[in-house]
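Report on the structure
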Amino acid sequence: MSSAVPRLAVVAAGAMGAAVAKRLTSFGCTVYTNLDGRSEDTRKRAQDAGMIDLSVDELVLKSDWILSILPPRDAVSFAEKIQEVAAKYGRALPSPQTFVDCNAVNPETVKRIAALFSGTSIRFVDAGIIGGPPKGDQNPTFYASAEDVKILDEFTALSKYGLKLSPLKGKGVGIGDASALKMSYAGITKGTTGLYTTMVLAAHASSPATADALMRELQMSQPILLDRLVKTVPPMLPKAYRWIGEMEEIADFVGGSEGDVYRGIAKVYERIEKSIAGDQEDIVTLTKFVEKAKESR
């Protein structure tokens, strides 16, 4: 691999993608993206991050690394689009070129994505991002796995450009393992946030007094859980729409009837999404619960 500063594509310029791009550009990297059909807010975010807007064709022709950072529902279709463009240009593509799927999808989905590039010149890395968008001294960790250790080492070398990268190595490790780790971690963290949300809404549906009593009992007997609830529920509200697909991916990862737990949590996040767009009754209930919990400390 060339020692030159890499050219990377980061799609899309959402909160995570733009923050990752900003970290890379601050270390001297050129970062491309595609803003077709994106909002003015997204365009502003991309501009602030130093991202260069290109057509998908141009993006594929110029990038050494293509990082897919999207809502889970868009992961496969984006990879298919990249594969189609790559097939059109063949030997005109950069060499080597690597597609890195960084999305919250289950191992079977990421293997399906990897299969799109099998037999092509494009290499593949499975990556799972754990943590919030890069900010200041804080960095999420990109856990990564691949079938070829050399490719994995090259991806890990991008850490010199400000990213925190952690390769998964060992017997039997390959494509799907980084995604399995992401599913497991998010199943615990975002899953418990969904449980907190479910039970606060259920208690309030019984009566506001029941929700108040729940808050007081948690404060007395489970203060650590209440503290976690207070910290995780409010920031979840504007992101609930993105977590629906992630819970569905986790459900498929778990499999069987046990996976239905996460299909249920997906419905909870769907309910929150609808409340934000509608009467906001659930949002008010959750916000008041959190505010009361803070005041009673």
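Going by the structure above, here's the rest.
Below: a short report on this structure. A quick note: this is a predicted structure, and the numbers were derived from the prediction, not measured. (Residues numbered from 1 in each chain as written. Predicted model: local features only at pLDDT ≥ 70, side-chain atom pairs only at ≥ 80, totals over all residues. Heavy atoms only, no water.)

**Points about the environment of Tyr32**
Worth spelling out the cut-off: Think of it this way: any DSSP run of H or I at least four residues long counts as a helix, any run of E at least two long counts as a strand, and we number them from the N terminus. Type-normalised accessible area, obtained with a 1.4 Å probe on protein chains alone, sets the label of each residue: buried when under 20%, exposed when over 50%, and partly exposed for intermediate values. Two residues qualify as a contact provided that any one of their heavy atoms is within 4.5 Å of a heavy atom in the partner residue.
By the element assignment, Tyr32 lies in strand 2 (residues 30-33). Given a relative accessible area of 8%, Tyr32 falls into the buried group. For the pair Tyr32 and Ala12, spaced 20 residues apart in sequence, the C-alpha to C-alpha distance is 9.9 Å. Beyond its immediate chain neighbours, meaning those up to four positions away, Tyr32 contacts Arg7, Leu8, Ala9, Val10, Met51, Ile52, Leu54, Leu59, Lys62 and Ser63.

**Describing the pattern of salt bridges**
Any two side chains of opposite charge can pair if their charged atoms end up close together. Test applied: Salt bridges, as used here, are contacts in which a Lys or Arg side-chain nitrogen is within 4 Å of a carboxyl oxygen on Asp or Glu.
Tallying each qualifying case throughout the model produces 18 salt bridges. Its salt-bridge partner being Lys150, residue Glu154 comes within 2.7 Å of it at the nearest N-O pair. Highlighted residues: Glu154 and Lys150, both in helix 6 (residues 149-156), separated by four residues, approximately one helical turn. Glu154 sits in the buried class, given a relative accessible area of 10%. Glu270 is the salt-bridge partner of Lys267, the closest N and O atoms lying 3.9 Å from each other. Of this pair, Lys267 and Glu270 both sit in helix 11 (residues 260-277), three residues apart, which is roughly one turn of that helix. Look at Lys267 and you get exposed, because its relative accessible area is 56%. Salt bridges sharing partners connect three or more residues here, namely Arg123, Lys150 and Glu154.

**Points about helix 9 (residues 223-236)**
The condition is simple: Expected span, for any helix, means 1.5 Å times one less than how many residues it has.
Taking 1.5 Å as the rise per residue, helix 9 with 14 residues should run 20 Å; its terminal C-alpha atoms sit 20 Å apart, in good agreement. Buried within helix 9 we find Leu226, Leu229, Val230, Thr232, Val233 and Met236. Tucked inside the fold, the buried residues of helix 9 contact helix 7 (177-206), helix 8 (208-221), helix 10 (240-254), helix 11 and helix 12 (281-295).

**Let's talk about the state of the cysteines**
Rule in force here: Only a pair of cysteine sulfur atoms within 2.5 Å counts as a disulfide in this structure description.
One pass over the full model with this rule turns up zero disulfides. For the unlinked cysteine Cys29, the closest cysteine sulfur is that of Cys102, found at 14 Å. Owing to a relative accessible area of 6%, Cys102 belongs among the buried residues under this scheme.

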